[in-house]
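# Architecture and fold: a report
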Amino acid sequence: MKITCNLYDQWLDGIRQEMTQANFAHEKLSAQECVISFFSWKRRSVSSGKRRVQKSSCFNCPSHLQKGLTDLEKAFETGGNIWPWQSKRIDNRSFEDGMFNDFGVMHFHLGIGFEQNGYINRDGALLFAIVDSTAIYEIGIYSHKDWYELDLLNIVDENWPDLLNTVTINVLDVTNYPSTCDEVKALREAKVNSVIRLKSGRIVAPLGGGVVTNGTSNDAVRSAQNWTRILQDGEKAIISDIKEQIQKGKMESKDYEILLHTTDDEISGILPEGYKWILWKKT
């Protein structure tokens, strides 16, 4: 009797196939490096789905950018593909978006018409916004020199304070935090995470999750570790359960090969005979 349960390997094969389709070189990456790179890529790509548009109270769009902004907002509201409006570096496997990893703020280009490669034409103007599964929170229109602007989080705090609840640190005060754009830039380039004291007095950790010592997204590293643990622990649990069921006479003593089954709402191991072990379920 042989029980084959290599759910992690099946999952990794799927990740490598998806990265191959996206022309990401991954052959020289270890399993864990590949998974971390995959999650880093996915978290900086806006997923599909309709989102409502919300603007900050100080939002102002120059008239010559209104058409580009309207096109982008329509894509968000209808659930269109947002990829053309994002950075061209998004499809670079090793790219890490410093502002997104630090402030949790994404940027989108506001040009009109498409380049031959499918991206929106670039004109220098950028929309800075926070994006979640239900909405895009438009902070303002900025340029490529504004990646370190501290007021971004103050605007978020003033308009959508609940977005900062998960990273709010409930302490009396801090004395060592960046207070200028140059200080934010220096810390980011040194790959150092820092708390920030907002104008309201609120103290927040990096909304984007911060980075590990090599500059990789901390959230991507945690996700890779979490799903690796779920799958590898699941393999052991499934094998143990099958052996127990065989001993009890509830399953036939024969060879088994468990297959990985994934949906947006569930990850499980299955057998053709109808057996199913749920490893994770969306709540």
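Look a little higher up for the structure.
Note that this is a predicted model, so its numbers are computed, not measured.

### Quick notes on the nonpolar core
Counting 31 residues, the largest nonpolar core has Trp11, Val35, Phe39, Ile242 and Ile258 as its most contacted members. Listing elements by their share of this core, those giving two or more residues are helix 1 (7-21), helix 2 (31-43) and helix 7 (218-247). With 9 residues, helix 7 is the single largest residue contributor to this core. With near-sequence residues (within four places) excluded, Phe39 lies in contact with Trp11, Ala220, Ser223, Ala224 and Trp227. Membership of the second largest hydrophobic core comes to 24 residues, among which are Trp147, Tyr148, Leu152 and Leu198.

### Quick notes on helix 1
In this model, helix 1 (15 residues) spans 21 Å end to end at C-alpha, consistent with the 21 Å of a helix rising 1.5 Å per residue. Buried within helix 1 are the following residues: Leu7, Tyr8, Trp11, Leu12, Ile15, Arg16 and Met19. Those residues of helix 1 hidden inside the fold are in contact with helix 2, helix 7, strand 9 (259-262), strand 10 (266-270) and strand 11 (276-281). Looking one or two places after helix 1, you find Asn23, whose phi comes out positive at around 65°.

### Comments concerning the packing of aromatic side chains
Scanning the entire structure with this criterion turns up 13 aromatic pairs. For the pair Tyr8 and Trp11, a centre-to-centre distance of 5.7 Å together with 55° between the ring planes defines the contact as tilted. With Tyr8 and Trp11 both in helix 1 and 3 residues apart, this pair spans about one turn of that helix. In this structure Tyr8 comes out as buried when scored by relative accessible area, which is 8%. Judged by its relative accessible area of 14%, Trp11 falls in the buried class. Between the aromatic rings of Trp85 and Phe114, the centroid separation amounts to 6.4 Å while the plane-to-plane angle is 70°, which identifies the pairing as edge-to-face. Highlighted residues: Trp85 in the loop between helix 3 (66-78) and helix 4 (98-103) and Phe114 in the loop between strand 3 (106-109) and strand 4 (126-131), separated in sequence by 29 residues. Looking at Trp85, the relative accessible area reads 7%, which means it is buried. Look at Phe114 and you get exposed, because its relative accessible area is 54%. A connected cluster of aromatic rings, assembled from ring pairs, spans Tyr8, Trp11, Phe24, Phe38, Phe39 and Trp41.

Basis of the calculations
Numbers given for residues are sequential positions, taken from 1 along each chain in its written order. Only residues with pLDDT of 70 or above have their local features reported here, since the model is predicted, and side-chain atom pairs are shown and tallied only from 80 upward, although totals for entire chains, interfaces and linings are computed over all residues. Water and hydrogen atoms were dropped before computing side-chain values, which therefore reflect all heavy atoms in the structure. Residues grouped as a nonpolar core are buried Ala, Val, Leu, Ile, Met, Phe, Trp, Tyr and Cys residues, joined through side-chain atoms within 4.5 Å. Only protein chains enter the area calculation, which uses a 1.4 Å probe; residues under 20% of their type maximum are buried, those over 50% are exposed, and those in between are partly exposed. Helix and strand labels come from DSSP, where a helix needs a run of H or I of at least four residues and a strand needs a run of E of at least two; each type is numbered from the N terminus. Contact between two residues is taken to exist if any of their heavy atoms lie within 4.5 Å; hydrogens are not considered. Residue count minus one, scaled by 1.5 Å, sets the expected span of a helix. For Phe, Tyr and Trp, rings pair up if their centres lie within 6.5 Å, where Trp contributes its six-membered ring, and each pair is then called stacked (planes under 30 degrees apart), edge-to-face (over 60) or tilted (otherwise).

Everything listed here is a matter of geometry and, on its own, says nothing about what the molecule does.
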